[in-house]
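Structure assessment
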Amino acid sequence: MSSKKRITLRDTLSIGGGEPISVQTMTNTKTEDTAGTIQQIESAVQAGCDIIRVSCPSREAAVSLGEIIRNTTIPVIADIHFDYRLAMMAIENGAHCIRINPANIDESGIRKIVDAAKDTGCAIRIGINSGSIERSILQKYKEPNADAMVESAVVNANKLEDLGFENFKISVKSSDVRESVRAYRKLAQLVDYPLHIGITEAGPVFPGSIKSAIGIGALLMDGVGDTIRVSLTGDILDEIRVGRQILKSLGMLKDSINIVSCPTCSRTLIDVVAISNELEAMAEDLRIPLKISVLGCVVNGPGEAMTADIGIFGFQEEYAKIIVRGVEYGTFHQNKVIEEVKKIIESFYM
Ligand code: SF4
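Residues numbered from 1 in each chain as written. Predicted model: local features only at pLDDT ≥ 70, side-chain atom pairs only at ≥ 80, totals over all residues.

1. Concerning the site of the ligand
As a matter of local geometry, the ligand sits amid Cys262, Pro263, Thr264, Cys265, Arg267, Thr268, Leu295, Gly296, Cys297, Val299, Asn300 and Gly301. Among the residues forming the shell around the ligand, the class breakdown is six nonpolar, five polar and one charged. (Near = placed C-beta within 6 Å. Nonpolar A, V, L, I, M, F, W, Y, C, P; charged D, E, K, R; others polar.)

2. What about the sheet that holds strand E3 (residues 22–26)?
An order of E8-E7-E6-E5-E4-E3-E10-E9 is seen for the eight strands of this open sheet, with the pairing classed as parallel. The open sheet is flanked by strand E8 (168–173) and strand E9 (196–197), the only strands paired with a single partner. In the sheet, E3 pairs with strand E10 (residues 227–229) via three bridges, with the strands oriented parallel. What sits directly across from valine 23, in E10, is isoleucine 228. (Pairing = 2+ DSSP bridges. Helix = DSSP H or I, 4+ residues; strand = E, 2+ residues; numbered from the N terminus.)

3. Here's the deal with the packing of helix H7 (residues 177–190) against helix H8 (residues 205–221)
Interhelical geometry of H7 versus H8 gives an angle of 20° and a closest axis separation of 10 Å. By the angle class used here, H7 and H8 are roughly parallel. For the pair H7 and H8, the crossing hand works out as right-handed. For the pair H7 and H8, contact is made by Val177, Ser180, Val181 and Tyr184 and by Lys211, Ile214, Gly215, Ala218 and Leu219, respectively. When grouped by side-chain class, the residues that make up the contact of H7 with H8 number six nonpolar, two polar and one charged. (Axes fitted to C-alpha atoms, helices over the stretch in contact; angles between N-to-C directions. Parallel < 35°, antiparallel > 145°, perpendicular 65-115°, else oblique. Left-handed = near helix turned anticlockwise from the far one by under 90°. Contact = placed C-beta atoms within 7 Å.)

4. Observations concerning H7
Taking 1.5 Å per residue, 14 residues should reach 20 Å; H7 reaches 20 Å between its end C-alpha atoms and fits that length. Contact partners of the buried residues in H7: helix H6 (146–162), E8, E9 and H8. (Expected span 1.5 Å × (residues − 1).)

What follows is the structure, encoded as structure tokens:
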């Protein structure tokens, strides 16, 4: 049940309405550092990022944004708070989408942003965050919970609709996993607009990845969510790796290698850990749909191998049998397995 409405980011990427789910991250360079920001976006693109968000806190940043957009191959969302004039500059400079928290901008500013977005095809994200809900709504709910976020989202979605604008997506993020999931589930019942989902301020890489996988995963399994961001304190490339892995785990990322490997035990005959790690490193750079299984012995190895494109399992001490799409390919010393896998992949795609 992803959103029924489809929006477009200035005729580049479409979101919602059954389009593939996009992985998003945000630069953490100073936007005024044009070259550094372009370089970081390029690394993000290489890692599989579909949409990039860039803060636009000053006039200098808004000017730099134009140069950044001209040198970037994916849609750019300008993140705006408080000053509608920065949003106008960002739209003028080519931003594909503007992220605003409407509670931070007055109505005449919102009207001007909407008019500029209409004229250019720029999209808008209504970004509701539990930390910045309108005072009037907070007074009603006493705390920034899921219900308060959803009410804020619906009120602001109605405002944009009243201005004749529908090219927007919505987020309702909290750092609390349960409240985030509750908010998105409720919102998905009330609106048809695309939803950008994530757990905000999820924390350092390890705990933040788990929180995000639980929250984003639960929603995606409900059919809720059109773009995702894993929000981590760390390298932005980790956000993309984890985001892509969440999609991959749910079979929602078609151009990726899914590695199935066992935890090893005393029956293990081959170096499953080394082989799996090498395959995982290899898979980072390949955008192809493939399932590879690596198991340590014949207990489950042959069975998993029959469901994989390439199945590898320990057959005798240090030797692995490789099965390719159900047909035996050969038995190899464990040190030769990766070499053979590369040859097999080449034979599939060359
Ligand atoms: S597949 Fe074999 S080696 Fe791996 S954990 Fe299971 S029993 Fe152990």
